[in-house]
Amino acid sequence: EDPGFYLKLSEGSCRSEGAEPIRSKEDCEQAAVELGLIATSAIVTIQVDRPEGCYYYVNRDTAEQTLWFGTNPRNRGKGSETGNVQQLREPLCSRLGPSEGVAEKEGED
């Protein structure tokens, strides 16, 4: 069975799972759609102490779910955040490196 191009981690980081962080807001949103997540429109943040790149946030108090794309270079290499009881931040990753893009057909010429 094909595991799919994207994955969501409840622990660890993309690199610790042999995957790559998602590096664009558009890819982040595509990953959320393909993973069947509730929130598929990414909010851009420059906050520090967040997972690198794309991540899914679940507020355990309100059950609100949001998709985020972090752009702060200080978050490089950071993985999931599960320490705060109220918050769960799960990185979304791609299984292929950035140089191995997937060609998409946009239609016949």
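Structure shown above.
Note that the coordinates shown come from a computational prediction; the quantities given were computed from them, not determined experimentally.

Novice: An account of the environment of Thr45 is needed here, citing residue identities and associated values.
Specialist: Relative to the assigned elements, Thr45 resides in strand S3 (residues 42–45). Sequence separation between Thr45 and Trp68 is 23 residues; the distance between their C-alpha atoms is 6.9 Å. Of the polar contacts made by the side chain of Thr45, one reaches the backbone nitrogen of Gln47; its length is 3.0 Å.

Novice: Lay out the side chain of Arg50 in plain terms, naming residues and giving numbers.
Specialist: Tracing the chain through its elements places Arg50 in the loop between S3 and strand S4 (54–59). We classify Arg50 as buried; its relative accessible area is 17%. In this structure Arg50 touches Tyr55, Asn75, Lys78 and Arg89, once residues within four positions along its chain are discounted.

Novice: Quick one: what's the story with the packing of aromatic side chains, residue by residue and with numbers?
Specialist: The geometry of an aromatic ring pair is captured by two quantities: the separation of the ring centres and the angle between the planes. The tally for this structure, following the rule as stated, stands at two aromatic pairs. Here Tyr55 and Trp68 contribute two aromatic rings whose centre-to-centre distance is 6.5 Å and whose plane-to-plane angle is 10 degrees, an arrangement assigned as stacked. Taken together, the residues span a long stretch of sequence, with Tyr55 in strand S4 and Trp68 in strand S5 (residues 65–70) at a distance of 13 residues. Since its relative accessible area comes to 2%, Tyr55 is described here as buried.

Procedures and definitions
- Residues numbered from 1 in each chain as written.
- Predicted model: local features only at pLDDT ≥ 70, side-chain atom pairs only at ≥ 80, totals over all residues.
- Heavy atoms only, no water.
- Helix = DSSP H or I, 4+ residues; strand = E, 2+ residues; numbered from the N terminus.
- Polar contact = N/O pair within 3.5 Å; in protein donor to acceptor, adjacent residues only side chain to side chain.
- Buried < 20%, exposed > 50% of the residue type's maximum accessible area, 1.4 Å probe, protein only.
- Contact = heavy atoms within 4.5 Å.
- Phe/Tyr/Trp six-rings, centres within 6.5 Å; stacked < 30°, edge-to-face > 60°.

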